[in-house]
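Secondary and tertiary structure notes
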Amino acid sequence: TGTSNKAYLNIIHDIWDGLPYLSGHGIGISLSSSCTTNEIYRNYIYNCYLGIVTTITGGSGGDKIYHNLVKDSYINGIDIIGDPGIDPIYVYNNTVIHNPNPAVNDGDPVGHGISIQSNAKKAVWANNIVETKRHSTVTNNVQAYYIADGSGGLISLKTNNNLVYQSDSEAHIGKIINSSG
């Protein structure tokens, strides 16, 4: 908890407990309390189960995730899970090379470059670059961008000037689902 916490200029890599999808753990950087105006910037995160995860609930929000390079996360590169409070979580000027590890899910890759999960409420995504290097042949669950509008209800997601590169011609750019899937 607190105000204006910062995680910057870190190189974080190879964090995974070896367990499969939905059981595994290992996060490069995690924001998990009701803080205000936290910043995650200029980090290089690679080969982690999850790259950057926010599970914040409450507070006044305004957290910023920017100028990070997140590469080869086994599941999600940048994952917004919690409700940030009054102001949105800002995700901008990041580069995510999304190359999910098929070993995590019985040979079929899963995950998203940048995602907002079902209990998240507000976010701004701008000027991000996501390269998707794989596609899923079984679950069809690999995308550059993923937006879930679940029971918590997405209030606001503003996107602007985000780029996607598809190294795999069958990779999906995005997926938007409602609470029924």
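The paragraphs below set out a description of the structure included in this document. Small disclaimer: the values here were computed from a predicted structure and weren't measured.

Time to look at a nonpolar patch on the surface. There is a patch of nonpolar side chains on the surface, built from Ile129, Leu163 and Tyr165 and spanning about 260 Å² of accessible area. Here Leu163 is to be found in strand β17 (residues 163-166). Given a relative accessible area of 40%, Leu163 falls into the partly exposed group.

Taken in spatial order, the 6 strands of this open sheet run β2-β5-β8-β11-β14-β17, and their pairing is parallel. Of all the strands in the sheet, the pair left with one neighbour each is β2 (11-15) and β17. Pairs of neighbouring strands in the sheet enclose a mean axial angle of 10°, with direction left out of account. Taken together, the 3 bridges between strand β5 (residues 44-48) and strand β8 (residues 69-71) define a ladder with parallel strand orientation. When the bridges of β8 are listed, Tyr46 appears paired with Lys71.

The next subject is the sheet that holds strand β10 (residues 89-92). Read across the open sheet, the 6 strands follow the order β1-β4-β7-β10-β13-β16; overall the sheet is parallel. In this open sheet, the two strands that pair with only one neighbour each are β1 (6-8) and β16 (156-160). Between one strand axis and the next, the sheet turns through 5° on average, direction left out of account. For β10 and strand β13 (residues 122-126), the ladder comprises 4 bridges, and the chain directions are parallel. Looking at β13, one finds that Val91 is bridged to Trp125.

Each regular strand displays side chains that alternate between the two surfaces of the sheet. Side-chain alternation along β10 places Ile89 and Val91 on a buried face and Tyr90 and Tyr92 on a face that remains uncovered. As defined by bridge partners, strand β7 (residues 64-66) adjoins β10 across 3 bridges and the pair is classed as parallel. When the bridges of β10 are listed, Tyr66 appears paired with Tyr92.

Cut-offs used in this document
Residues numbered from 1 in each chain as written. Predicted model: local features only at pLDDT ≥ 70, side-chain atom pairs only at ≥ 80, totals over all residues. Heavy atoms only, no water. Patch = residues over 30% accessible without salt bridge, like charges linked within 9 Å, V, L, I, M, F, W, Y side chains within 5 Å. Areas by Shrake-Rupley, 256 points an atom, 1.4 Å probe, with all protein chains shown as cover. Salt bridge = Lys/Arg side-chain N within 4 Å of Asp/Glu carboxyl O. Helix = DSSP H or I, 4+ residues; strand = E, 2+ residues; numbered from the N terminus. Buried < 20%, exposed > 50% of the residue type's maximum accessible area, 1.4 Å probe, protein only. Pairing = 2+ DSSP bridges. Axes fitted to C-alpha atoms, helices over the stretch in contact; angles between N-to-C directions.

So, to be careful, I would describe these as geometric facts and stop short of saying anything about function.
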